[in-house]
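As a plain string of letters, each chain reads:
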Amino acid sequence: MSQNTPSDQNQNLTGAPSPEEQEAAQAANEFDAQNSAQAELAILQAKNTELADSYLRAKAETENARRRADDEVSKARKFALESFAESLLPVADSLEAALSIKDATLEQFREGAQATLKQLKSALERNKVIEINPAAGTRFDPHQHQAISMVPAEQEANTVVSVLQKGYLIAERVLRPALVTVTAPK
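Residues numbered from 1 in each chain as written. Predicted model: local features only at pLDDT ≥ 70, side-chain atom pairs only at ≥ 80, totals over all residues. Heavy atoms only, no water.

### A closer look at the sheet that holds strand 6 (residues 178–183)
Strand order in the open sheet formed by three strands is 2-6-3, and the pairing between neighbours is mixed. In the strand order of this sheet, the two ends are held by strand 2 (145–151) and strand 3 (160–165), each with one partner. Across the sheet, the mean angle separating the axes of adjacent strands is 30° when strand polarity is ignored. By the bridge criterion, four bridges tie strand 3 to strand 6 in an arrangement that is antiparallel. Residue pairing in the sheet places Val 160 in a bridge with Val 182 of strand 6. (Pairing = 2+ DSSP bridges. Helix = DSSP H or I, 4+ residues; strand = E, 2+ residues; numbered from the N terminus. Axes fitted to C-alpha atoms, helices over the stretch in contact; angles between N-to-C directions.)

Okay, structure coming up:
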């Protein structure tokens with residue numbers, strides 16, 4: 001006959017573990033489940049910390065980008081005005097030079113004024129300030145023209161007869177509309 005070991009004594013005839021073994025197995029399972037839950041909690045806490053850190057970095061980066069964009073817009077405005085003013089300096093120099101000549105003739109003044117006007121128009125064009133000067137017979141455009149008066153004429157109604165004052169566009173936007181006289185409806 002074989003000798004019985006203590007575990008053999010605790011087993012019943014069906015081969016099932018004894019209540020003590022079941023209790024020990026259940027305690028081991030609970031211990032493993034608790035350790036597993038603690039490990040999973042630690043992993044989730046580390047992931048949470050990592051995500052919180054990523055969020056704070058992204059938030060700081062966004063704030064820095066917004067600040068840089070604001071600075072760039074401010075500098076663009078400042079330097080755009082500076083560029084425009086710089087392009088007008090030769091015009092001012094020409095006017096001062098013309099006025100410093102004490103015994104200039106009318107013809108010299110006329111030539112100087114024409115050259116200065118040419119400089120001014122060039123400076124305006126460089127800075128995207130475009131003249132609105134519609135030719136007679138051009139269709140009236142309320143977006144670029146302002147009708148000052150209507151006159152009877154043989155032309156089609158609402159066409160430009162004459163320009164009283166030129167208008168200007170700056171970067172495709174009306175700075176000042178052209179003041180025009182238009183034909184009246186028949």
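### Details of the packing of helix 2 (residues 19–100) against helix 3 (residues 106–126)
The N-to-C vectors of helix 2 and helix 3 enclose an angle of 175°; their axes lie 9 Å apart at closest approach. On the basis of the axis angle, helix 2 is roughly antiparallel to helix 3. Residues Phe 84, Ser 87, Leu 88, Pro 90, Val 91, Ser 94, Leu 95 and Ala 98 of helix 2 form the contact with helix 3, whose participating residues are Phe 109, Thr 116, Gln 119, Leu 120, Ala 123, Leu 124 and Arg 126. Taken together, the residues of the contact of helix 2 with helix 3 break down into ten nonpolar, four polar and one charged. (Parallel < 35°, antiparallel > 145°, perpendicular 65-115°, else oblique. Contact = heavy atoms within 4.5 Å. Nonpolar A, V, L, I, M, F, W, Y, C, P; charged D, E, K, R; others polar.)

### Overview of the side chain of Ser 87
By the secondary structure assignment, Ser 87 is in helix 2. Within the structure, Ser 87 has its side chain in polar contact with the backbone oxygen of Phe 84 (distance 2.7 Å). For Ser 87, the side chain forms a polar contact with the side chain of Asn 127, separated by 2.8 Å. Setting aside residues no more than four positions away along its own chain, Ser 87 makes contact with Ala 123, Arg 126 and Asn 127. (Polar contact = N/O pair within 3.5 Å; in protein donor to acceptor, adjacent residues only side chain to side chain.)

### Here's the deal with the nonpolar core
One finds Ile 132, Val 160, Leu 169, Ala 178, Val 180 and Val 182 forming the largest nonpolar core, which totals six residues. The contact partners of Val 160, leaving out residues within four places of it in the chain, are Pro 134, Ala 135, Ala 136, Gly 137, Thr 138, Phe 140, His 145, Gln 155, Val 180, Thr 181 and Val 182. (Core = buried A, V, L, I, M, F, W, Y, C linked by side-chain atoms within 4.5 Å. Buried < 20%, exposed > 50% of the residue type's maximum accessible area, 1.4 Å probe, protein only.)

### Some points on unusual backbone geometry
At Lys 128, a residue that is not glycine, the phi angle is positive and equals roughly 65°. Take Lys 128: its relative accessible area is 55%, and that puts it in the exposed class. The backbone phi angle of Asn 158 is positive, close to 60°, even though this residue is not glycine.

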